[in-house]
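Listed here are the chains, written in short residue letters.
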Amino acid sequence: MKKTIFACLLGLAFSNLTLAAEDIQLKDVIVVASRVAQSPENVIGDVTVIGREEIERAGQSTFIELLQSQPGIEISSKGGAGQQSSVFLRGTNSNQVVVLIDGMRIGSATTGSTAFANLPLAQIERIEILRGPATSLYGQDAVGGVIQIFTKQGTGSPQFNAAVGYGSYNTEKVAAGFSGSVEKTQFSLAVSQMHTNGFSALKSSGSIDKDKDAYRNLAVSASLSRSISEGHDVGLQILSSDGRNHYDSGFNTYSNYDDMSAVSYSLFSKNQMTANWKSSLRIGQGTDDDNSHFADGAFGVSQYKTKQKQLSWQNDIALSLGSLNLAYDRLEQKLISNDAFNQTTRNTDGFLMAYLATINDHSVQANLRNDHSNQFGSHTTGSLGYGYKLTSNWRITGSYGTAFKAPTFNDLYYPSYFDSSYGSYVGCNCLVAQSDPNLKSEKSKNFEASLRYQGNDNELSATLYNNKIDNFIALDQNYFPVNVNAEITGLTLAASQHWDDWQLKTSLDIQSPENDDTGKLLPLRARRHGVINLGKSWGKWNVASELIASSARYNDADNTTRISPYAIVNLTADYKIDDSWRLQGRVNNLLDKNYALAYSGSTPYNTPGANVFVSLVWLAK
């Protein structure tokens, strides 16, 4: 890795980054759909942007709860704050989504997914969600889409900010930050801490696991960048999040807990080499560390640590008609574990060529990418998209794309074993109880089309898609990973309307995420789910109500354990005391609905009852 980085630094003379994260300061652009900044009206992909204002008004919501209110996204959670959670984007698996923090991949090489419960909203400035396969842009695993997270950046005059909050389950949150710019230097530093007593993760009827499963988190983010000359900037970005969550095992009354850590850091340089050539270089690492203490560590500590060293070099070349994007991505994954995996490293080199153009009422995007791994060989993926503006407000788009996902280290090499004294497969990281080194890589083909309307005060969209996934990796009834075929067909309807002091935002997903071999629903996915958010502003007040609903799902591949449909109501309120102070409040599950998002065998995991959180926010100007 060191030789690769050194050679690139010499050859590129400090060029810049692949993911154009510097452009996120512009509120009216989208980066995730093409890896370059685009105006929303030119984007072909199906994208949602969550800005800082929406994040702040979410109140006490966790990262995964915020995602739950977005189109095309379902979640499952094994208990309260900090517990293992999954995100299903357009019906795909949680490990078929690439998660980026400031351009760096973050996640586990064993499960293939990201510890969403350990991502702190207080450190996040903006979230961009791309629905649909994106391997041809971002490489392996992006079968369902990409979630791009941007941490807080410094702009404008230096200013301080702070927030303190308290709520149900003895939940406490404190956050503070300092950011801004001085001449040619931009900076940001933010820290947050939270603790909650929580509730028992498992809804057990016996005496086992009746304890409260607490969670705590300490997170820090920082960024520093400087313009060294006209068109040439260098900088660094870092996010560190450390959490501890207590969990139920169902086997004993000892304390069981996970120490989780997520770290993303990178150095970047961006250079306007010529009037038509912009070069970007970013090098860094994403780390996911999970240390599980079962029965207070009496059975030892299980460690699963993933290091992902990354290098990205992107060149955006303006042509007389459109632009050309040439990129090289290097990914080096390393697993550190006290379990004996047969293989613990793999490296992948990705080469991208993309073309993007908007010509009058026509938009075109074409991507071609080859990824070569020392473990699973070469895979070539591509996509072609087209958009046409019917009128000044109406637009149609269509696209076709291919994607692939390599089996995880758990899928291929997990060395779990059967212990008759417990009557189950033992191992902290037992999402996969056994492994198969002969598993094939998943391959998908996706068609989609959309009709969109964009006015001054309202937006409408309808997106129809079909994603066929060959060699889909699923778990059979004995929790062995197997290759099957899956097909996901769906329709996403979304709308927003602003009139006078009222705001409406709503979405509905109708889908059939099925195992083609059996005709049964994929686990934890519903045929219908949706959100309605209605808000009103008057004077210094902003209030909103949110309805989240889902039809029935199944907890297992055989569709034997049914999870009942649910609907919950949340309320938020924001009062502007003056230019510097704001009071915010949130009520979750107002009607105290009893529902479940996942089961452990025949026992459901608990979800929060009616709960309240109030915070005071200060911004020094």
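Residues numbered from 1 in each chain as written. Predicted model: local features only at pLDDT ≥ 70, side-chain atom pairs only at ≥ 80, totals over all residues. Heavy atoms only, no water.

The helix and strand tally for the protein chain stands at 5 helices and 35 strands. Within the span of the protein chain, comprising 621 residues, buried residues form 52% of the whole. Taking all contacts inside the protein chain whose residues are at least 6 apart in sequence as the whole, residues at least 24 apart take part in 61%. For the protein chain, the computed accessible surface area is about 26100 Å², with 55% contributed by carbon and sulfur atoms. (Helix = DSSP H or I, 4+ residues; strand = E, 2+ residues; numbered from the N terminus. Buried < 20%, exposed > 50% of the residue type's maximum accessible area, 1.4 Å probe, protein only. Contact = heavy atoms within 4.5 Å. Areas by Shrake-Rupley, 256 points an atom, 1.4 Å probe, with all protein chains shown as cover.)

Negative phi characterises most residues that are not glycine, and trans characterises most peptide bonds. The backbone phi angle of Asn360 is positive, close to 55°, even though this residue is not glycine. Inspection of the secondary structure assignment puts Asn360 in the loop between strand 17 (345-359) and strand 18 (362-373). Judged by its relative accessible area of 71%, Asn360 falls in the exposed class.

Attention shifts here to the nonpolar core. Across soluble globular proteins, you tend to see nonpolar side chains buried next to one another. With 31 residues, the main nonpolar core has Phe63, Leu67, Phe116, Ile127, Ile129, Ile147 and Ile149 as its most contacted residues. Elements supplying a minimum of two residues to this core: helix 3 (63-68), strand 2 (73-77), strand 3 (85-89), strand 4 (97-101), strand 6 (124-131), strand 7 (145-151) and strand 31 (566-576). When residues in this core are grouped by element, the largest group, 4 residues, is from helix 3. In this structure Leu67 touches Ile73, Val87, Phe116, Ile129 and Ile147, once residues within four positions along its chain are discounted. Among the nonpolar cores identified, the runner-up in size contains 16 residues, and Val32, Leu137, Leu352 and Ala354 belong to it. (Core = buried A, V, L, I, M, F, W, Y, C linked by side-chain atoms within 4.5 Å.)

A separate point is the packing of aromatic side chains. Using the criterion set out here, one finds 14 aromatic pairs in the structure. Ring geometry for Phe178 versus Phe187: centroids 5.2 Å apart, planes at 45°, classification tilted. On the accessibility criterion, Phe187 (17% relative accessible area) is buried. Of the aromatic side chains, those joined through ring pairs into one cluster are Phe160, Phe178 and Phe187. The ring of Tyr138 has Arg35 lying over it, and the distance from NZ or CZ to the ring centre is 5.7 Å. A cation sits over an aromatic face here: Arg90 above Tyr465, 4.3 Å from the ring centre. (Phe/Tyr/Trp six-rings, centres within 6.5 Å; stacked < 30°, edge-to-face > 60°. Lys NZ or Arg CZ within 6 Å of the ring centre and 35° of its normal.)

Among the structural elements, Ser363 can be located in strand 18. With a relative accessible area of 3%, Ser363 lands in the buried category. Apart from the residues within four sequence positions on either side, Ser363 is in contact with Asn42, Ile44, Ala357, Thr358, Gly385, Tyr386, Gly387 and Arg395.

Turning our eyes to something else, we now look at the pattern of salt bridges. Using the criterion set out here, one finds 19 salt bridges in the structure. In this structure, the salt-bridge partner of Arg330 is Glu332, at a minimum N-O distance of 2.9 Å. One exposure class covers both Arg330 and Glu332, and it is buried. Through salt bridges that share partners, Arg35, Asp329, Arg369 and Asp371 make up one connected network. (Salt bridge = Lys/Arg side-chain N within 4 Å of Asp/Glu carboxyl O.)

With respect to the helices, strands and loops of the structure, Ser537 is situated in strand 27 (residues 528-538). Within the structure, Ser537 has its side chain in polar contact with the side chain of Asn542 (distance 2.2 Å). Once you skip the residues sitting within four places of it in the chain, Ser537 turns out to touch Asp501, Gln503 and Asn542. (Polar contact = N/O pair within 3.5 Å; in protein donor to acceptor, adjacent residues only side chain to side chain.)

The subject of this paragraph is the confidence of the model for the protein chain. When the pLDDT values of the protein chain are averaged, the result is 89; 90% of them are 70 or greater. This model gives residues 1-26 a pLDDT under 50, and the stretch forms 76 contacts once residues within four places in sequence are excluded. Counted against residues more than four places away or in other chains, residues 417-433, with its pLDDT under 50, gives 42 contacts. (pLDDT = per-residue confidence, 0-100.)

The next subject is the sheet that holds strand 6. Spatially, 5 strands are ordered 1-6-7-4-5 in an open sheet, and the strand pairing comes out mixed. Across the chains shown, the open sheet's two edge strands, defined by having one partner strand only, are strand 1 (46-50) and strand 5 (104-105). Note that strand 4 and strand 5 share 2 bridges and pair antiparallel. Bridging from a neighbouring strand, Leu100 pairs with Arg105 of strand 5. (Pairing = 2+ DSSP bridges.)

Bridge count between strand 9 (residues 171-182) and strand 10 (residues 185-199): 11 bridges; the pairing is antiparallel. In the sheet register, Ala176 faces strand 10, and the bridge partner there is Val191. Between strand 9 and strand 10, which follow one another and run antiparallel, lie 2 residues, and Glu183 among them has a positive phi close to 55°. The pairing of strand 10 with strand 11 (residues 213-229) spans 13 bridges and is classified as antiparallel. Considered in strand 11, the bridge of Phe199 is made with Asp213.

On to the side chain of Arg282. Inspection of the secondary structure assignment puts Arg282 in strand 14 (residues 277-293). Of note is the side chain of Arg282, whose polar atom sits 3.1 Å from the backbone oxygen of Asp102.

Alignment of strand 12 (residues 232-247) against strand 13 (residues 256-274), held across 16 bridges, turns out to be antiparallel. Residue pairing in the sheet places Asp233 in a bridge with Lys270 of strand 13. In the sheet, strand 13 pairs with strand 14 via 17 bridges, with the strands oriented antiparallel. Note that in strand 14 the partner of Met260 across the bridge is Asp290. Where strand 13 hands over to strand 14, the hairpin turn is made up of 2 residues, counted between the paired strands.

Okay, a nonpolar patch on the surface next. Side chains of Val164, Val174, Ile577, Trp581, Leu583, Val612, Val614 and Leu616 sit close together on the surface and give an oily, nonpolar patch of about 610 Å² of accessible area. Elements with a minimum of two residues in the nonpolar patch: strand 32 (581-588) and strand 35 (611-619). Take the nonpolar patch: its biggest share by element is 3 residues, from strand 35. Positionally, Val164 belongs in strand 8 (residues 159-167). (Patch = residues over 30% accessible without salt bridge, like charges linked within 9 Å, V, L, I, M, F, W, Y side chains within 5 Å.)

Bringing the environment of Asn555 into the picture now. Summarising the element assignment, Asn555 is placed in the loop between strand 29 (553-554) and strand 30 (562-563). In the structure, Asn555 is positioned 33 residues away from Leu522 in sequence and 8.7 Å away in space, judged by C-alpha atoms. For Asn555, the contacting residues outside a window of four places in its chain are Pro523, Leu524, Thr561, Ile563, Ala598 and Tyr599.

Once that is clear, we can look at the environment of Asn217. Structurally, the position occupied by Asn217 is in strand 11. A polar contact of 2.9 Å, which involves the side chain of Asn217, links it to the side chain of Ser241.

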